[in-house]
Amino acid sequence: MKIFLDTANTDDIKKWASTGLIDGVTTNPSNLSVQGGDPTKRVLEICSILPDGEVSVEVTEKDPEALYKQALRIAALSPNVVVKVPCHADYYAVINRLVDQGVSLNITLVFSLLQGLMMCKMGVSMISPFVGRLEDNGQDGVALLVQLREMVDQYGYETEILAASLRNVEHFNAAVESGADIATLPVAVFQQALVHPLTDQGIAKFDADWQKLGVSQFP
Ligand code: G3P
């Protein structure tokens, strides 16, 4: 399974890239806005921190033709950029053109099995179902991950399922169990997934027992 960080904070990306666990980053207009500054420079810096990773960068234009041109400009920023396009019917024809041109796309804001099916049929690289936002809306976000996994496998599509809007470790667990190809995690959730209180307790117990031996050098 691939793990992405769902952030535009370059300090966090640098810090956790050093673990070798981070396969990519998902940015969006919200997390780029939170960081401030020039978003183009920030995206280029993220791409250089993870030269072998996949970095999703979302379009901001609304008009389909303007969005198409912006998608091409975003794709040209770096070979490891994946262009994020919202799963909206107004953009289906544009998505089709971009796929035909070999642009790697992450279709974002996917909230139903049928939206996912349409995108897989078009041959996009990734679809991003939003688990937390479905739950905000009183729906079962994890169930959608499972449905999408079954659909992709049943028809043999090559599109990757990128579980997004994961707000806690329970969501991350569920994404793993669903067989999603990628989970994009807020930094806090990634950090929580690395630790367990019993690991800390175990280290403390081993250390206390070791001290009783009174050995100054080992081995
Ligand atoms: O990358 C977009 C997505 O993960 C947003 O999450 O928590 O704002 O629904 P959230």
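Before any of the text, the structure's been laid out above.
Just so you know, the residues in each chain are numbered from 1, in the order the chain's sequence is written. Selection of residues for local features in this predicted model requires a pLDDT of at least 70, selection of side-chain atom pairs for listing and counting requires 80 or more, and totals for whole chains, interfaces and linings are taken over all residues. Think of the side-chain values as coming from all heavy atoms in the structure, minus any hydrogens and water.

(A) How the structure looks around unusual backbone geometry. Look at the link from Phe218 to Pro219: it is a cis peptide, with omega at -5°. Of note, Pro219 is situated in the segment after α11 (197-213). The phi dihedral of Leu109 is positive, around 60°, even though this residue is not glycine. Tracing the sequence through the fold places Leu109 in strand β5 (residues 105-110). A 1.4 Å probe rolled over the protein chains alone gives each residue an accessible area, and that area as a share of the maximum for its type sets the label: buried under 20%, exposed over 50%, partly exposed in between. Given a relative accessible area of 28%, Leu109 falls into the partly exposed group. With a phi angle near 55°, Ser165 is a residue other than glycine that sits in the positive phi range. Per the convention used, a helix needs a DSSP run of H or I reaching at least four residues, while a strand needs a run of E reaching at least two, with both numbered from the N terminus. Along the chain, the position of Ser165 falls in the loop between β7 (160-163) and α9 (169-178).

(B) Focus on the site of the ligand. Lining the immediate surroundings of the ligand are Asp6, Asn28, Lys84, Phe130, Arg133, Ala164, Ser165 and Arg167. Between the ligand and Arg133, the relevant distance is 2.7 Å, taken from an oxygen atom to a side-chain nitrogen or oxygen of the residue. N or O atoms closer than or at 3.5 Å make up a polar contact, with two conditions inside protein: a donor-capable atom paired with an acceptor-capable one, and, for residues adjacent in sequence, both atoms drawn from side chains. Note that an oxygen atom of the ligand is positioned 2.6 Å from one of the side-chain N or O atoms of Ser165. Here the accessible surface of atoms and residues is derived via Shrake-Rupley with a 1.4 Å probe, and residues count as covered only by protein chains that are part of the display. For the ligand, the protein covers 81% of the area, taking 310 Å² as the surface of the free molecule. Tallied by class, residues from the shell around the ligand come to two nonpolar, two polar and four charged. Nearness is defined per residue: one heavy atom within 4 Å of the molecule or strand is enough. Think of it as three bins: nonpolar holds Ala, Val, Leu, Ile, Met, Phe, Trp, Tyr, Cys and Pro, charged holds Asp, Glu, Lys and Arg, and polar takes everything else, Gly as well.

(C) Spotlight on the pattern of salt bridges. When a carboxyl oxygen of Asp or Glu lies within 4 Å of a side-chain nitrogen of Lys or Arg, that pair is called a salt bridge. Enumeration according to the criterion identifies 10 salt bridges in this entry. Of the charged contacts, one joins Lys2 and Glu160 as a salt bridge, the two residues approaching to 3.1 Å between their closest N and O atoms. With Lys2 in strand β1 (residues 2-5) and Glu160 in strand β7, the pair connects residues that are 158 residues apart, well separated along the chain. With its nearest N and O atoms 3.1 Å apart, the salt bridge here joins Glu65 to Arg97. Remark: Arg97 occurs in helix α5 (residues 92-100) and Glu65 occurs in helix α4 (residues 64-75); sequence separation between them is 32 residues. Residues joined in a network through salt bridges with shared partners are Lys2, Glu54 and Glu160.

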